[in-house]
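Per-entry structural report
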Amino acid sequence: MTGRSQPASSEQADGLLGPPGYRVVAGWTAPARARARAAEVIAAHRGTAPEVLRNPHVDQEWAQAIVRAARLLNAVRDVIGPNVAVENMFLVVKWPGRDFEVPWHQDGINDRLELDPERSVAVWVALTDTDTESGCLHVVPGSQRAGYLPYEAEPDTGAARGRALGIRVGDSIQGVAVPVRAGSGLLMDTRLLHCSHSNAGDGARVGLNIRYVAPGAVSMRDGSSPSLSPLSGTGW
Ligand SMILES: O=C(O)CCC(=O)C(=O)O
């Protein structure tokens, strides 16, 4: 685990990923293999062209293989310890020529649940090369120290992705772009502010957002039970 500094008076601790609140995991698979998988995903969904597909790891082998990819899982274990489950996974496709922005948000809180940032980590996985043109993630380094912030659902546009949560901050946030190569990924503190812009490139941009948790990390806010897919260790 990374070292943690003591919080300043109104701030929370740096958290499991240190002062920046994020870290790149290079090469969980070869770039060519990731791009080939993306091509299959694109071909399979070109007809309906959904922007978000929920929890493909529950019934699709390729997604199960990714959440268990050794380099990814080892990086996750390094951060939250040996007992690991997947709490949620989104496949996110930014189809070219379509307006699809993901507003500033934090992955560890929504109407249903809150994740303990000391026992959970969000991972964004690139299946295609992502840069500022194609709609890579932007993050606010150190924003995890502000803790979970008030949020609201963005207006329902009827888009195929459903509604996203955005925090109430207006347009004042300055983030940094984090381009990620196909086959690499980004570990993020579950409180880290991040967003992505629309894809202005020629090809589809394909990524996966995975929330990994250790035992006891999930607090349900709506009275339901967490739906976990254990991957390793005990306590499930
Ligand atoms: O893939 C993206 O552009 C953003 C996904 C994301 O931030 C999320 O699902 O929480």
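Refer to the structure above for everything that follows.
Reading the values: the criteria
Residues numbered from 1 in each chain as written. Predicted model: local features only at pLDDT ≥ 70, side-chain atom pairs only at ≥ 80, totals over all residues. Heavy atoms only, no water. Helix = DSSP H or I, 4+ residues; strand = E, 2+ residues; numbered from the N terminus. Buried < 20%, exposed > 50% of the residue type's maximum accessible area, 1.4 Å probe, protein only. Contact = heavy atoms within 4.5 Å. Areas by Shrake-Rupley, 256 points an atom, 1.4 Å probe, with all protein chains shown as cover. Disulfide = S-S within 2.5 Å. Core = buried A, V, L, I, M, F, W, Y, C linked by side-chain atoms within 4.5 Å. Near = heavy atom within 4 Å. Polar contact = N/O pair within 3.5 Å; in protein donor to acceptor, adjacent residues only side chain to side chain. Nonpolar A, V, L, I, M, F, W, Y, C, P; charged D, E, K, R; others polar. Pairing = 2+ DSSP bridges. Axes fitted to C-alpha atoms, helices over the stretch in contact; angles between N-to-C directions. Arc of directions from axis to C-beta. Salt bridge = Lys/Arg side-chain N within 4 Å of Asp/Glu carboxyl O.

**A few points about the overall build of the protein chain**
On a plain count of helices and strands, the protein chain comes out with 3 helices and 15 strands. Sorting the 236 residues of the protein chain into buried and exposed places 50% on the buried side. Relative to all contacts within the protein chain whose residues are 6 or more apart in sequence, the contacts with residues 24 or more apart total 85%. Carbon and sulfur atoms make up 49% of the accessible area of the protein chain, which totals about 10,700 Å².

**Examining the state of the cysteines**
Per the counting criterion, the structure on display carries 0 disulfides. The structure places no disulfide on cysteine 136, whose sulfur is separated from the nearest cysteine sulfur, that of cysteine 195, by 9.1 Å. Owing to a relative accessible area of 0%, cysteine 136 belongs among the buried residues under this scheme. The class for cysteine 195 is buried, based on a relative accessible area of 6%.

**Focus on unusual backbone geometry**
The phi dihedral of alanine 49 is positive, around 45 degrees, even though this residue is not glycine. Inspection of the secondary structure assignment puts alanine 49 in the loop between helix H1 (31-45) and strand E2 (52-54). Positive phi is not limited to glycine here, since asparagine 55 has a value of about 50 degrees.

**Overview of the nonpolar core**
Formed by 39 residues in total, the largest nonpolar core has its most connected members in Leu72, Ile80, Val121, Leu127, Leu187, Leu208 and Tyr212. By residue number, the principal contributor to this core is helix H3 (residues 70-80), which donates 6 residues. Those residues within four positions of leucine 127 in sequence are excluded, and the remaining contacts are Trp28, Ala34, Arg35, Arg37, Ala38, Trp62, Ile66, Ala182, Val206, Gly207 and Leu208. With 15 residues, the next largest nonpolar core counts Ala85, Leu115, Tyr148 and Cys195 among its residues.

**Structural notes on the site of the ligand**
Taken together, Phe90, Val92, Lys94, Val102, His105, Asp107, Trp124, Leu137, His194, Ser196, Arg205 and Asn209 make up the full set of residues near the ligand. Aspartate 107 has a polar side-chain atom sitting 2.8 Å from an oxygen atom of the ligand. Serine 196 places a polar side-chain atom, nitrogen or oxygen, 2.6 Å from an oxygen atom of the ligand. Elements with a contribution of two residues or more to the shell around the ligand: strand E3 (84-94), strand E4 (102-105), strand E12 (194-196) and strand E13 (205-213). The biggest single contributor to the shell around the ligand is E3, with 3 residues. Of the residues contributing to the shell around the ligand, the split by class is 5 nonpolar, 4 polar and 3 charged.

**Some remarks on the environment of arginine 211**
Relative to the elements of secondary structure, arginine 211 occurs in strand E13. On the basis of relative accessibility, which here comes to 6%, the residue arginine 211 falls in the buried class. Sequence-wise, arginine 211 and valine 123 are 88 residues apart; in three dimensions their C-alpha atoms are separated by 6.3 Å. Excluding its chain neighbours within four sequence positions, the residues that come into contact with arginine 211 are Ala85, Val86, Glu87, Asn88, Asp107, Asn110, Arg112, Leu113, Leu115 and Val121.

**Looking at the sheet that holds strand E7 (residues 137-139)**
In spatial order, the strands read E4-E12-E7-E10; together these 4 strands make up an open sheet with antiparallel pairing. If you trace the sheet from one side to the other, it starts and ends with E4 and strand E10 (176-178), each paired once. Along the sheet, successive strands turn relative to each other by an average axial angle of 25 degrees, direction set aside. Pairing of E7 with E10 involves 3 bridges; the strand directions are antiparallel. When the sheet's bridge partners are listed, valine 139 is paired in E10 with valine 176.

**Points about H3**
Of all the positions in H3, only Leu72, Leu73, Ala75, Val76, Val79 and Ile80 are classed as buried. Buried residues along H3 cover an arc of 160 degrees about the axis, so they all sit on one side. Of the exposed residues in H3, those oriented more than 90 degrees away from the buried face are Ala70 and Arg71. Where H3 ends, the next residue or the one after it, glycine 81, has phi of about 100 degrees, a positive value.

**Details of the pattern of salt bridges**
Summed over all chains, the structure comprises 9 salt bridges. With a closest N to O distance of 2.8 Å, arginine 119 and aspartate 116 form a salt bridge. Taking relative accessible area as the criterion, arginine 119 reaches 35% and is therefore assigned partly exposed. Each of the salt bridges in this network shares a partner with another, and the network as a whole consists of Glu11, Asp14 and Arg145.

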